[in-house]
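Coordinate inspection notes
Spelled out, the chains give:
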Amino acid sequence: RFNLRLKPADWQGQRLLDYQLTVKPRPVSVSTGEDAYVVNHSRILIREPISQLHIESRFTVEVSPPPAPDPSEGPTLAELRRMALDNRDLSKLGPASYLYASPLARMEQNIGQWAGAIIAEEQSIVGAGMALMNAIYRDFAYDDDATKADTPPIEAFRKRRGVCQDFAHIMIIAARALAIPAAYVSGYLRTIPPPGAEKLVGADATHAWVNLWCGEALGWVGFDPTNNMITQSDHIFTGMGRDYGDVAPVDGVFLGNAGQNMTVSVDVDP
């Protein structure tokens, strides 16, 4: 039994034009729906013995995000805290679910202290988000050998090394320590090769970034600490939750005593 979170959920500035999910061997049953957060799921059940499972997700999206906000835009941190705590929206897009610690993004005093030294109280929320993002990009090295999918964020923080999942979790913990609603986003990044070079099929991978709630007027704004940029048309939104566990592309349970290997490839074409 597996949970697949591969179909892009509805998101501002992005329109899903078509979607196709292929699973081989064919499951006994497939149920689809929405999770508690901004996530679509497909739950598949396979009963017969298998030696290989092939999952292919294909879709076309039209991306037209709003202009990136200026660093001076949005309420100050003090104003944002009041707005977030006074907000009564308990929907999956409300700030309440993203204010507090979550299973994979637990509160860490060291990260909170680090964030407090970077952010000034009089900063706007967009400026504060950019300051956290810039600090992670500047001080942390991208190293896909340094961590694994289950490495705690505090370990990546101490190493100052990791991948997009680690950087997103560190930024989320830092933001929540300052009472900024912060969410984990899973998606894809369109990469543009250097002039004259061909784009390699499968060279891309699932990407992760952070959405910060920036008040009623701005809503959710995406910050990509891996690339030090506010998300725009090259970022393709799949799902948003409290941390990676809410939006993991594939998870589930199988019965058997054999080992397992997973191979993943992603290709994004304009």
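Now for a quick tour of the structure. (Residues numbered from 1 in each chain as written. Predicted model: local features only at pLDDT ≥ 70, side-chain atom pairs only at ≥ 80, totals over all residues. Heavy atoms only, no water.)

**Considerations on the sheet that holds strand 9 (residues 206–213)**
One open sheet accounts for five strands, arranged 11-10-9-8-12; its pairing is antiparallel. Every interior strand has two partners, whereas the edge strands, strand 11 (229–230) and strand 12 (235–241), have only one. Pairing of strand 9 with strand 10 (residues 220–224), which is carried by four bridges, proceeds in the antiparallel orientation. If you follow Trp213 over to strand 10, its bridge partner there is Trp220. (Pairing = 2+ DSSP bridges. Helix = DSSP H or I, 4+ residues; strand = E, 2+ residues; numbered from the N terminus.)

**Comments concerning the packing of helix 3 (residues 125–139) against helix 5 (residues 164–177)**
Running from amino to carboxyl end, helix 3 crosses helix 5 at an angle of 140°, the nearest separation of the two axes being 10 Å. One finds that helix 3 runs oblique with respect to helix 5. The element helix 3 and its partner helix 5 pack so that their crossing is right-handed. Along its contact with helix 3, which presents Gly129, Leu132, Met133 and Ile136, the element helix 5 presents Phe167, Ile170, Met171, Ala174 and Ala175. Grouping the constituent residues of the contact of helix 3 with helix 5 by class yields eight nonpolar, one polar and no charged. (Axes fitted to C-alpha atoms, helices over the stretch in contact; angles between N-to-C directions. Parallel < 35°, antiparallel > 145°, perpendicular 65-115°, else oblique. Left-handed = near helix turned anticlockwise from the far one by under 90°. Contact = heavy atoms within 4.5 Å. Nonpolar A, V, L, I, M, F, W, Y, C, P; charged D, E, K, R; others polar.)

**Thoughts on the pattern of salt bridges**
Following the criterion strictly, the structure yields 12 salt bridges and no others. Between Arg138 and Asp139 there is a salt bridge, and its shortest N-O distance comes to 3.0 Å. Overall, Arg138 belongs to the exposed group, its relative accessible area being 59%. Residue Asp139 is classed as partly exposed on the basis of its relative accessible area of 34%. Notably, a salt bridge pairs Arg161 with Asp143, separated by 3.0 Å at the nearest N-O pair. In this pair, Arg161 is assigned in strand 7 (residues 161–162) and Asp143 in the loop between strand 6 (141–142) and helix 4 (153–159), connecting sequence segments 18 residues apart. Residue class for Asp143 comes out buried when judged on its relative accessible area of 17%. Each of Arg5, Asp35, Arg43 and Asp251 takes part in a single network of salt bridges with overlapping partners. (Salt bridge = Lys/Arg side-chain N within 4 Å of Asp/Glu carboxyl O. Buried < 20%, exposed > 50% of the residue type's maximum accessible area, 1.4 Å probe, protein only.)

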